[in-house]
Amino acid sequence: MSWWLWSLGRVLLLLKVAASVNFLHHRYEQLVQALYDVKGSCPYITRLYSIGRSVQGRHLYVLEFSDYPGVHEPMEPEFKYVANMHGNEVLGRELLIQLAEFLCEEYRHGNQRITELIHETRIHLMPSMNPDGYEVAASQHQQTLRDLMGRNNANGVDLNRNFPDLNTVMYHNEKHGGLNHHLPLPDNWRNQVEPETLAVIEWLKSYNFVLSANLHGGAVVANYPYDKAHEQRTRGVWLPTSSPTPDDNLFKKLSKGYSYAHGWMHRGTNCGDFFPDGITNGASWYSLSKGMQDFNYLFSNCFEITLELSCNKFPPEQELEFEWLANREALIAYIEEVHHGIKGMVTDDNNNKVAGAVISVEGIGHDITSGEQGDYFRLLLPGTYTVTASANGYQSQTERVVVGPAGPSVVSTEAKLKTPIS
Ligand SMILES: [Zn+2]
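This structure is a prediction, so every number in the text was calculated from the model and none was measured.

**Re the overall build of the chain**
Right, so step 1: Across its full length, the chain carries eleven helices and 20 strands.
Right, so step 2: Counting every position in the chain, which comprises 422 residues, the buried fraction comes to 48%.
Right, so step 3: Excluding contacts between residues fewer than 6 apart, the proportion of contacts in the chain whose partners are at least 24 apart in sequence is 75%.

Next up, the structure:
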């Protein structure tokens, strides 16, 4: 396996403002049309696919950006944005349409930063995980009702409380020993989740996502795992308490990466709440079970944060352009975060790719695994690390690696997993 250190410079500025887009709320048909329009304008770097259907049969569309759409290129990380999981929280949906048009336009105009990003990253944008809920919210005529109606899916279920609860398994494993990553799903999980949730879980199984954000509204803050607190009960009252992951410092850095690139999120005084640096641990704000970001971290290689992007869940149309300009740099900068850490190929002594090899970093109690083509991606802060790759039937391999600060970095040593001498 070769250890690569890599990161992207941020010195290149965005060159121009995308001009073609209408700042409108897009109903389902308009959303589908907007996605097809981007695909039509940039056919060589995009692919439009559906991961499944909602309760009422609407497609859960994803627009992919890549220099080889539809193909996982080894050593090229997969990134995703998911918006509108709560049907009445709609800014993220519009921002992802804007982002899609922006990536397409800037690529066509030769913007170097965007070209590099698309050449080195496979980006998946899902503007709506809850298209049925959105239609309920959007069909209300009063602003107050738009904010209130349509949060849940068509079966009345809150999709961000609908993922299998892996936190309980992990908290048990922390005390008694056991896996700290890729926790198994409950046996009958398919019968316990909604169609939209099921589609997202299958999506997570099909792509080796490395980094993600889940776009919500109702506050302005970057929220990082865990959302679910360890049980803390004092005289029958739940007390908010921070519930950090083993990657707490990394999650704080990722969250600040968004909040400081955003127009005002970093100031922290938003919508009546105060969040220092514009970030918060999920459980220290309020604890929730069966959320999507905790599930990403405990089930897959994907690190996900939740971005709350507007005080109004359903902002008036005339605010959309202002919001896009406030979020544009942050949306791009956050994708670039997928390029900081270590990545490499795991092979055996016959040069066979080793999928599912476990990559452990000393001092961080959360492992990741190599993908189907033997490549792995481990997001890390700058520093020196002892990293071990291991797989069943092989001798494990340990390396010291240095992750440099942001900016062009260096290639380190090479090694291979050897079959044990028996
Ligand atoms: Zn929400």
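**Section: the confidence of the model for the chain**
Right, so step 1: Within the chain, residue pLDDT values average 89, and 89% of them lie at 70 or more.
Right, so step 2: Note that residues 407-415 has pLDDT below 50 and, in this model, 18 contacts with residues that lie over four places away or in other chains.

**Focus on helix α4 (residues 131-138)**
Right, so step 1: Those residues of α4 that fall on the buried side of the exposure criterion are Pro131, Asp132, Gly133, Tyr134 and Ala137.
Right, so step 2: Buried residues along α4 sit in contact with α1 (28-41), α2 (91-108) and α5 (143-148).

**Description of the nonpolar core**
Right, so step 1: Counting residues in hydrophobic clusters, the biggest one holds 98 residues, and the most contacted among them are Ala100, Leu103 and Leu125.
Right, so step 2: With ten residues, α2 is the single largest residue contributor to this core.
Right, so step 3: When residues of this core are assigned to domains, at least three map to each of domain 1 (15-339) and domain 2 (342-414).
Right, so step 4: Setting aside anything within four residues of it in sequence, one finds Leu103 in contact with Phe65, Ile114 and Ile118.

**Section: the sheet that holds strand β2 (residues 46-53)**
Right, so step 1: Ordered by their spatial adjacency, eight strands build an open sheet running β2-β3-β5-β4-β6-β13-β7-β12, and the pairing between neighbours is mixed. On the outer flanks of this sheet lie β2 and β12 (279-281), each paired with one strand and no other. Within this sheet the neighbouring strands show an average axis-to-axis angle of 20°, counted without direction.
Right, so step 2: Looking at chain direction, strand β6 (residues 209-216) and strand β13 (residues 303-310) are connected through six bridges and run parallel. Across the sheet, the residue bridging to Ala213 is Ile305, located in β13.

**Things to note about the environment of Asp367**
Right, so step 1: Within the secondary structure, Asp367 is located in strand β16 (residues 364-369).
Right, so step 2: Asp367 sits 22 residues away from Ala389 along the chain, and the two C-alpha atoms are 9.8 Å apart.
Right, so step 3: Contacts of Asp367, omitting those with residues within four sequence positions, involve Asn180, His181, Val358, Ile359 and Ser360.

**Side note on the environment of Arg108**
Right, so step 1: One can find Arg108 in helix α2.
Right, so step 2: Exposure remark for Arg108: the 13 C-beta atoms within 10 Å place this residue in the partly exposed category.
Right, so step 3: The sequence separation of Arg108 and Cys42 amounts to 66 residues, and the corresponding C-alpha distance is 7.7 Å.

**What about the packing of α1 against α2?**
Helix packing geometry: the angle between the two helix axes and the distance between the axes.
Right, so step 1: Axis separation between α1 and α2 bottoms out at 9 Å; the angle between their running directions is 10°. When the axis of α1 is compared with that of α2, the two are roughly parallel. Residues Leu31, Ala34, Leu35, Val38 and Ser41 of α1 form the contact with α2, whose participating residues are Ile97, Ala100, Glu101 and Cys104.
Right, so step 2: Its residues assigned to classes, the contact of α1 with α2 comprises seven nonpolar, one polar and one charged.

**Considering the UniProt feature "active site" (unreviewed entry) in the chain**
Right, so step 1: Per the UniProt record, "active site" (unreviewed entry) is annotated on Glu308.
Right, so step 2: Among the structural elements, Glu308 can be located in strand β13.
Right, so step 3: Assessed through the 27 C-beta atoms surrounding it within 10 Å, Glu308 is described here as buried.

**What to know about the pairing of β6**
Right, so step 1: The buried fraction of β6 is high, at eight of eight residues.
Right, so step 2: Bridge count between strand β4 (residues 78-83) and β6: six bridges; the pairing is parallel. By the bridge assignment for β6, Phe79 is matched with Leu211.

**Some remarks on the environment of Tyr44**
Right, so step 1: Along the chain, the position of Tyr44 falls in the loop between α1 and β2.
Right, so step 2: For the pair Tyr44 and Asp67, spaced 23 residues apart in sequence, the C-alpha separation works out to 7.2 Å.

**Considering the sheet that holds strand β15 (residues 358-361)**
Right, so step 1: If you trace the four strands from one edge of the open sheet to the other, you get β16-β15-β18-β19, paired in antiparallel fashion. Of all the strands in the sheet, just β16 and β19 (397-403) have a single pairing partner and so form its edges. Adjacent strand axes in the sheet meet at a mean angle of 25°, parallel and antiparallel pairs treated alike.
Right, so step 2: Two strands pair when backbone bridges link them, and strand β18 (residues 383-390) and β19 are joined in this way by seven bridges, in the antiparallel orientation. By the bridge assignment for β19, Val387 is matched with Glu399.

**A word on α2**
Right, so step 1: Between its terminal C-alpha atoms α2 stretches 26 Å, which fits the 26 Å expected from 18 residues at 1.5 Å a residue.
Right, so step 2: Of all 18 residues that make up α2, 17 are buried, and the element is covered over most of its length.
Right, so step 3: Positive backbone phi, approximately 75°, marks Gly110, located one or two places after α2.

**Topic: the packing of α2 against helix α3 (residues 112-120)**
Right, so step 1: For the pair α2 and α3, the least separation of the axes is 8 Å and the interaxial angle reads 110°. Of the possible angle classes, the one that applies to α2 and α3 is roughly perpendicular. In the packing of α2 onto α3, the handedness of the crossing is left-handed. Mapping the contact onto sequence places Leu103, Glu106 and Tyr107 in α2 and Ile114, Thr115 and Ile118 in α3.
Right, so step 2: Per-class residue counts for the contact of α2 with α3 are four nonpolar, one polar and one charged.

Each value, and the rule that gives it
- Residues numbered from 1 in each chain as written.
- Predicted model: local features only at pLDDT ≥ 70, side-chain atom pairs only at ≥ 80, totals over all residues.
- Helix = DSSP H or I, 4+ residues; strand = E, 2+ residues; numbered from the N terminus.
- Buried ≥ 20, exposed ≤ 12 C-beta atoms within 10 Å, placed from the backbone.
- Contact = placed C-beta atoms within 7 Å.
- pLDDT = per-residue confidence, 0-100.
- Core = buried A, V, L, I, M, F, W, Y, C linked by C-beta atoms within 7 Å.
- Domains from an automatic or database assignment.
- Pairing = 2+ DSSP bridges.
- Axes fitted to C-alpha atoms, helices over the stretch in contact; angles between N-to-C directions.
- Parallel < 35°, antiparallel > 145°, perpendicular 65-115°, else oblique.
- Nonpolar A, V, L, I, M, F, W, Y, C, P; charged D, E, K, R; others polar.
- UniProt positions renumbered as here; feature names shortened; annotations may be inferred.
- Expected span 1.5 Å × (residues − 1).
- Left-handed = near helix turned anticlockwise from the far one by under 90°.

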